[in-house]
Amino acid sequence: MTKKKTFWTMVRQFLLYFVVGQGSLVVGVVCAALFNGIVHKGMDKEEFLTSVTSSNILPWSMIIGNALLIAIFLGARLFKLRLGRIQRDKIWVTAAHVMLIAWGWMFTEAALMSLTGYDKLFANESDDFLFLANIMSNVLGLIAGGILVPIVEEIVFRGAILGGLLRMRQKPWVAIGLSALVFALCHGTMTQLPGTLIFGLIAGWLFWSTKSLLPGMVFHIVNNSTASVLCMLSDDPNEDLGIKASCLLLLVCVPLLLYGLHWFQQKRYVE
């Protein structure tokens, strides 16, 4: 396949994801607003988003849209779900180390956000995080945002975009960096930009190292589903961790993250 053809294949797959995936979110918001009659004069943005996310229509719309995307990608053979360089007898130990990386980075990011106050720099984005937290704070949200969305995003950003760049003979770290940047920008907030950029770099490196989408999918699912469970358990998902809790998280989670990355760097998943 020529570079030009590879590029346009990559673009088409991204547009398919954007139209169907993001479209299902928009359709869900509109339908929730219409069917529940929650739109009225004087309602501010926070009230509107809280009302919309209190309905099951939105997560069901996301579930249908993302399940449809997975079916399309599978049916059209736009990606291959294979082990790559991972040995069959190393599947579970590989998954366990991916989980360590996921939890290590997730809580390290949360602690750094709390200690630096970076998230406070963009207070105007708080409604967006409240919207996401409300979506994720029930079982349907867990299925949609914790499982299906991560699978779709790994297919698109690592399988289509990163895989396409590598097939176009881009240098690995250039390809990983570009795909991670697109991934971060598509999340749409400055608050999430640094964290999702590093997340994308880790997921991209796992894909490049193992030649498989499975580690990235596990990494992404563990991250999002853990966030969903925490949203279910917390009265205030935006509550600050505090200095002591943040430092404790760093002491525990940074070593977990580094150990997991080192395990993959040593290629322990290969026979």
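The numbers attached to residues start from 1 for each chain and follow its sequence in the written order. Thresholds applied to this predicted model are a pLDDT of at least 70 for local features of residues and 80 or more for the giving and counting of side-chain atom pairs; totals over whole chains, interfaces and linings are not thresholded and use all residues. Excluded from the side-chain calculation are hydrogens and water; included are all heavy atoms of the structure.

1. Concerning the overall build of the protein chain
Using the following cut-off: Helix and strand labels come from DSSP, where a helix needs a run of H or I of at least four residues and a strand needs a run of E of at least two; each type is numbered from the N terminus. Only C-alpha atoms enter the radius of gyration, while the globule expectation follows 2.2 Å times N to the 0.38, with N the number of residues.
Scanning the protein chain from N- to C-terminus turns up 10 helices and 0 strands. Going residue by residue from the N terminus, the α and β elements of the protein chain occur as α-α-α-α-α-α-α-α-α-α. What you see for the protein chain is a C-alpha radius of gyration of 19 Å, in line with the 18 Å of a compact globule of 271 residues. Along the first, second and third principal axes, the C-alpha set of the protein chain runs to 60 × 50 × 30 Å.

2. Describing helix α8 (residues 193-210)
Worth spelling out the cut-off: What a helix should span is 1.5 Å times the count of its residues minus one. Three exposure classes are used, based on accessible area relative to the maximum for each residue type with a 1.4 Å probe and protein chains only: buried under 20%, partly exposed in between, and exposed over 50%. For this analysis, residues touch if any pair of their heavy atoms sits within 4.5 Å.
An ideal rise of 1.5 Å per residue puts 26 Å on 18 residues; α8 measures up with 26 Å between its terminal C-alpha atoms. When we look at burial in α8, the residues that qualify are Gly195, Thr196, Phe199, Gly200, Ile202, Ala203, Gly204, Trp205, Leu206, Phe207, Ser209 and Thr210. Looking at the buried side of α8, the elements it contacts are α4 (91-116), α6 (139-167), α7 (172-185), α9 (214-233) and α10 (243-265).

3. Focus on the side chain of serine 212
What counts, and what does not: Polar contacts, as used here, are pairs of N or O atoms within 3.5 Å; protein pairs need one atom able to donate a hydrogen and one able to accept it. Residues neighboring in sequence count only if both atoms are side-chain atoms.
By the secondary structure assignment, serine 212 is in the loop between α8 and α9. Judged by its relative accessible area of 1%, serine 212 falls in the buried class. A polar side-chain atom of serine 212 sits 3.1 Å from the main-chain amide nitrogen of leucine 214. Sequence-distant contacts of serine 212, defined by excluding residues within four places in its chain, comprise Arg82, Leu83, Gly84, Ile86, Leu206 and Phe207.

4. Points about the pattern of salt bridges
Two side chains that carry opposite charge are able to pair once their charged atoms sit near each other. Basically, it comes down to this: Salt bridges are identified by distance alone: a Lys or Arg side-chain nitrogen within 4 Å of an Asp or Glu carboxyl oxygen.
Taken as a whole, this structure holds 1 salt bridge when the rule is applied. For arginine 158, the salt bridge goes to glutamate 154, with nearest N and O atoms at 2.6 Å. On the criterion of helical spacing, the pair formed by arginine 158 and glutamate 154 is a turn pair, its members being 4 residues apart in helix α6. Of the residues examined, glutamate 154 reaches a relative accessible area of 1% and is grouped as buried.

5. Observations concerning the nonpolar core
Convention followed: Among buried residues, those of type Ala, Val, Leu, Ile, Met, Phe, Trp, Tyr and Cys that are joined through side-chain atoms within 4.5 Å constitute a nonpolar core.
Counting 51 residues, the largest nonpolar core has Leu58, Ile101, Ile202, Leu206, Phe219 and Phe264 as its most contacted members. Not counting residues within four places of it along the chain, the set of residues in contact with leucine 58 comprises Leu25, Gly28, Val29, Val52, Thr53, Phe131 and Ile135.

6. Remarks on the packing of helix α3 (residues 57-75) against α6
The line we're drawing: Orientation is described by axes fitted as lines to C-alpha atoms, over the contacting stretch for helices, and by angles from 0 to 180 degrees between their N-to-C directions. When an angle is under 35 degrees it counts as roughly parallel; over 145 it counts as roughly antiparallel; between 65 and 115 it counts as roughly perpendicular; any other value is oblique. A clockwise turn of the near helix away from the far one marks a right-handed crossing, whereas an anticlockwise turn of less than a right angle marks a left-handed crossing. Three classes are used, and their members are as follows: Ala, Val, Leu, Ile, Met, Phe, Trp, Tyr, Cys and Pro are nonpolar, Asp, Glu, Lys and Arg are charged, and the others, Gly among them, are polar.
Two numbers describe how α3 lies on α6: the axes approach to 9 Å, and their chain directions differ by 30°. The pairing of α3 with α6 is recorded here as roughly parallel in orientation. The interaxial crossing formed by α3 with α6 has left-handed handedness. Counting all contacts with α3, which are made through Pro59, Trp60, Met62, Ile63, Asn66, Ala67, Leu69, Ile70 and Phe73, the residues of α6 involved are Leu140, Gly141, Ile143, Ala144, Leu148, Val149, Ile151, Val152, Ile155 and Val156. Looking at the contact of α3 with α6, its residues break down into 17 nonpolar, 2 polar and no charged.

7. A look at the packing of aromatic side chains
As a reminder, the rule being used: Each Phe, Tyr or Trp ring (for Trp, its six-membered ring) is paired with any other whose centre lies within 6.5 Å, and the angle between the two planes then decides the class: stacked below 30 degrees, edge-to-face above 60, tilted in between. In this analysis the charged atom, NZ for Lys or CZ for Arg, is taken to sit over a ring once it is within 6 Å of the ring centre and within 35 degrees of the ring normal.
Going through the model one piece at a time under the given rule, you end up with 11 aromatic pairs. Look at phenylalanine 157 and phenylalanine 183: their rings are 5.2 Å apart centre to centre, the planes differ by 75°, and that puts the pair in the edge-to-face class. With phenylalanine 157 in helix α6 and phenylalanine 183 in helix α7, this residue pair connects regions lying 26 residues apart in the sequence. Each member of the pair, phenylalanine 157 as well as phenylalanine 183, carries the same accessibility label: buried. Between tryptophan 263 and phenylalanine 264 the ring centres are 5.1 Å apart and the planes differ by 80°, which places this aromatic pair in the edge-to-face class. Taken as a pair, tryptophan 263 and phenylalanine 264 share a single burial class, namely buried. Three or more aromatic residues link up through ring pairs in this structure, and these residues are Phe14, Tyr17, Phe18, Phe157, Phe183, Phe199 and Phe219. Above the plane of the ring of phenylalanine 183 lies arginine 158, whose end atom (NZ or CZ) is 4.5 Å from the centre.

8. Let's talk about the state of the cysteines
Here is the rule: By definition, disulfides here are pairs of cysteine sulfur atoms that lie within 2.5 Å.
Under the definition given, this model contains 0 disulfides. Just so you know, cysteine 247 is unpaired, no disulfide at all, and the nearest cysteine sulfur is the one on cysteine 253, 12 Å from it.

9. Points about the packing of helix α1 (residues 3-35) against α6
Remark: α1 packs on α6, axes separated minimally by 9 Å, with the N-to-C direction vectors making an angle of 165°. Accordingly, the angle class assigned to the pair α1 and α6 is roughly antiparallel. The two elements α1 and α6 cross, and the hand of that crossing is left-handed. Contacts from Thr6, Met10, Gln13, Phe14 and Tyr17 in α1 reach Val152, Glu153, Val156, Phe157, Ala160, Ile161, Gly164, Leu165 and Arg167 in α6.

10. What about a nonpolar patch on the surface?
Selection criterion: Patch members must show over 30% relative accessible area and no salt bridge, and they are joined within 9 Å when carrying like charges or within 5 Å when they are nonpolar side chains of Val, Leu, Ile, Met, Phe, Trp or Tyr. For the accessible areas, the method is Shrake-Rupley and the probe is 1.4 Å, while residue cover comes only from the protein chains on display.
Together, Val139, Ile143, Ile147, Val229, Met232 and Leu233 make up a nonpolar patch on the protein surface, roughly 500 Å² of accessible area in all. When residues of the nonpolar patch are traced back to their parent elements, those giving at least two are α6 and α9. Residue isoleucine 147 is classed as partly exposed on the basis of its relative accessible area of 33%.

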